[in-house]
Amino acid sequence: MTSTPMTARIRSALLGIGVLAACCGGCDRGGTQRESEAASEATSEAAQAKAGEGPVRPPFETETETETAIVERTGTTAGGGYLVRWRSGPDGIPALEAFSLEVEIEQAPGVPLAEDAVVLVDAAMPHHGHGMNFVPEIVRVAPGRYAVEGMLFHMRGRWELFVDVERDGLLERAQWTVELP
Amino acid sequence: MAAIHDGGGDLLIADPAAGLVGIVRDGALVGTLPEPRGVSGWRPDSIGRGVDGTVLVGDAGAGRIDRFGAALESPGDRSGNRHGSSAGEWRWIESVDLGTVRGPVSPIAVGETRRGVLFVDGAADRVFEVSSGGREGDSRERRELDGDGIPGGWGRPTDLVVAADGRIFVTDADRHRVLRFDAEGRFLGAFGERGPFPGLFQDPVGLDLAGDRLYVSDRLNHRISIFDLEGRSRGQWGMHAVIPREGEGRIHYPVDVAIAPDAGAAAVVEPFERRVQLFDAADQSDAGPGTVAELPSLDGVTSHFGAGVAADGDLVVLWEPETAAVVVFDWRGEVPIHVSSFGGPGTSADRFGRVTAAAVDDASQRIALADPGLDRLAFVDLDRNPEAGLRLDPFMARTAGTVSFERIEAQIAALAGRSDTPPIEPVDLAWSGDGGLLLLEKRLGRVVSLAPMPSVREGHLPLPSEVTAVWGPGGTGGGAFVEPIAMSLSPEGDAVAVLDAGGPAGPARVAVLSLDGIPRGGFELPRMLHSLDEHPIAPGGLAWTETGFAISDRLSDRLMLFDDSGVLRHEVGTTGTADGELWSPQGLAIRDDGTVVVVDTGNHRVQGFSADDASWRVVFSLGRASTRQRPPGPPGANE
């Protein structure tokens, strides 16, 4: 069973404050779904334009979420090692309230993640230079399935949600954008 | 460099570049310690107090520790006194037997208890004690200081002191703390963590003790922090130098501090500024030395970049040790534009401890970073549209993953048929094509070739996580680089050049090999720059250009251009702060337009020079860039 003890400590809100001091001008905060799709398309086109020069990487996801609907997402870690699906609870992903996630991970098509892997779930607002204020608890409930409790997005705006999978010293990350209007 | 007060009023400064330990009295150099008997190319770089008033001096490159003591009064005694000090005050006593040795040792800090000599082994990131006593001729027992119970294990020990009651204190720079041990060498506890506030550290690398006070040279906080022996903060002094060369009591990257026994005087060692600053008791307060005049205005390009740089296509990648951040420039136009910063201090996959090398691949938009502070390689993908307009984008960088050094070390050991291998310390990285990565490693003195595992899912870029080969200057068959500094791929991408400083025996050389480690040639660098009164070369960086090789000299502040066979074609740069002048230039990269990108570390900026004729092209840092070279002005005008 993989678990991270619930920790009620408050994280430093100054995480990385020196890194992104003047970033707000670059923020595309509150982007609409249409703009997000256009950005994804442009990135995809650029990636395709590079075909023949090396491996093509699938475009990154950027989609707008609502507060109350169940949210589901599927993606692959950056190195292609794992397929990750996550699903929120019935209340979706609210701002300023704790929420939970169910995470399912495959290490090969149809093969659940091995028990000895370490799974971490986290989120951050890169343009603000901070992450979440709480460390979520992650419990393995079945082969390749994890219950994540204690997620909290303490402000509205664009969050980046990460799922890290580590085995034998190799960690890969899957990442999604979650925008809370 | 390192320094101690000898307890008799003198300050002893170990200077490896000069190859001597200087004796400073009343602010003036009055002599040197004699060289150890039978040694040539001595490069003392650590110094500590031995028992009975003796002094221990370490030479990390040679793996030796020597003991010095007061000269005997007998006029007939000449043992070890080849050069002698002023008035014959010091004599060489012995080379300390470091006991049963397994592999090379690299003493970077020394001290002594009643049980024996203590030293920090920079090659193993451990502290060892060599027992004294026993019969003459017996090999001394060497044991490791007990690291059981140290949270997170040993990080990067850099200095140590022994208190009067035998307790031992060790700075752990990568974990930003000081470790405490009892007189038997058992771990007691640690104090400090990373941060800028009083009581916190950012790269604490030097340590001294006066009475019941510990003095820590806190390198990236640019100050001296004071603690009692229980680890309680008792204050700090020193103000960060606003501009390079400022001096006047402002501190800039201190690596050691030497306190007089009565704390009435202090010396702060700042090799970044090539100086040692002396303070008296009045200076050692939070208010700093004397009265502070109006701060000089900052009018120039300044960013606290690390020593390395990576470039490919339009991308240029650097890092800032003080913020543990990586910065990305897009250089599609006349000057590079800052488009993203990411990272910051921490331990999660998207944070950094101590970055020492980077490589960037424009085609895949992937960055590789070596982070010995967190014992791993980190990989970051850029979500970047090369055709879109330029803007600062905080979302551009997306962590792809990490590969632990432990994994790499286990694979290296397996390849060599051994059970373990020393902890690796990468000094350079290079993408080798097809997602592979070359890692230039300092302790093994070899290049480690990493390949990605076959992709489980199509259309993705697996991380280079599998060691496929390890090779030195002689190929995979054996041999090791003595002091590897940097590597660079050929313009065609089908070969790699490795810059080896050559150690104390020298000379420095460039070795050329294929991407799978087959030697193809190379050349030796001249030992001296004849244009500078035989100044020895201290190579800092390497770039393979269309016309040969560019090499930076971090001590003479030059950029040198060699042809393919090692003939020097051009040298550029003089010591200074104006455009075109350099101060401790280190990492190099080459752009497709033939610009040699030089990290001008001592001037907190990057400059570009032509690979053809070494003419100046550009200067830039965060927030500012210029292709108009400003002429040297009055002192301070260009700072």
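In case you missed it, the structure is sitting above this.
Read on for a plain summary of the structure. Keep in mind that this is a model prediction, so the values were computed, not measured. (Residues numbered from 1 in each chain as written. Chains lettered and ligands numbered in written order. Predicted model: local features only at pLDDT ≥ 70, side-chain atom pairs only at ≥ 80, totals over all residues. Heavy atoms only, no water.)

1. A word on the sheet that holds strand 14 (residues 168–172) of chain B
Residue and element names in this part refer to chain B.
- The strand order across the open sheet formed by four strands is 13-14-15-16, and the pairing between neighbours is antiparallel. The open sheet has two edge strands, strand 13 (157–162) and strand 16 (187–191), and neither has a second partner. Shown here is a sheet whose adjacent strand axes are inclined to one another by a mean of 20°, direction ignored.
- Direction of pairing for strand 13 relative to strand 14: antiparallel, over a ladder of five bridges. Residue pairing in the sheet places P157 in a bridge with D172 of strand 14. (Pairing = 2+ DSSP bridges. Helix = DSSP H or I, 4+ residues; strand = E, 2+ residues; numbered from the N terminus. Axes fitted to C-alpha atoms, helices over the stretch in contact; angles between N-to-C directions.)

2. Focus: a negative patch on the surface
All names here are of chain B.
- A cluster of acidic residues, E492, D494, E546 and D592, forms a negative patch on the protein surface.
- On the secondary structure map, E492 appears in the loop between strand 38 (484–489) and strand 39 (495–500).
- Taking the relative accessible area as the measure of exposure, E492 reaches 58% and is therefore exposed. (Patch = residues over 30% accessible without salt bridge, like charges linked within 9 Å, V, L, I, M, F, W, Y side chains within 5 Å. Areas by Shrake-Rupley, 256 points an atom, 1.4 Å probe, with all protein chains shown as cover. Salt bridge = Lys/Arg side-chain N within 4 Å of Asp/Glu carboxyl O. Lys, Arg positive; Asp, Glu negative; His and termini not counted. Charge placed at Lys NZ, Arg CZ, Asp CG, Glu CD. Buried < 20%, exposed > 50% of the residue type's maximum accessible area, 1.4 Å probe, protein only.)

3. What about the packing of aromatic side chains?
All names here are of chain B.
- Scanning the model with the defined rule gives 20 aromatic pairs over all chains in all.
- Geometrically, the ring pair formed by F305 and F329 is edge-to-face, given 6.4 Å between the ring centres and 75° between the ring planes. With a gap of 24 residues between them, F305 in the loop between strand 25 (275–280) and strand 26 (310–312) and F329 in strand 28 (residues 325–330) connect regions that are remote in the sequence.
- Looking at F305, the relative accessible area reads 6%, which means it is buried.
- F329 gets classed as buried once you look at its relative accessible area, which sits at 0%. (Phe/Tyr/Trp six-rings, centres within 6.5 Å; stacked < 30°, edge-to-face > 60°.)

4. A look at helix 1 (residues 405–416) of chain B
Residue and element names in this part refer to chain B.
- The first and last C-alpha atoms of helix 1 sit 16 Å apart over twelve residues, in line with the 16 Å expected at 1.5 Å per residue.
- The complete set of buried residues in helix 1 reads F405, R407, I408, E409, Q411, I412 and A413.
- Phi turns positive one or two residues past the end of helix 1, at G417, with a value near 70°. (Expected span 1.5 Å × (residues − 1).)

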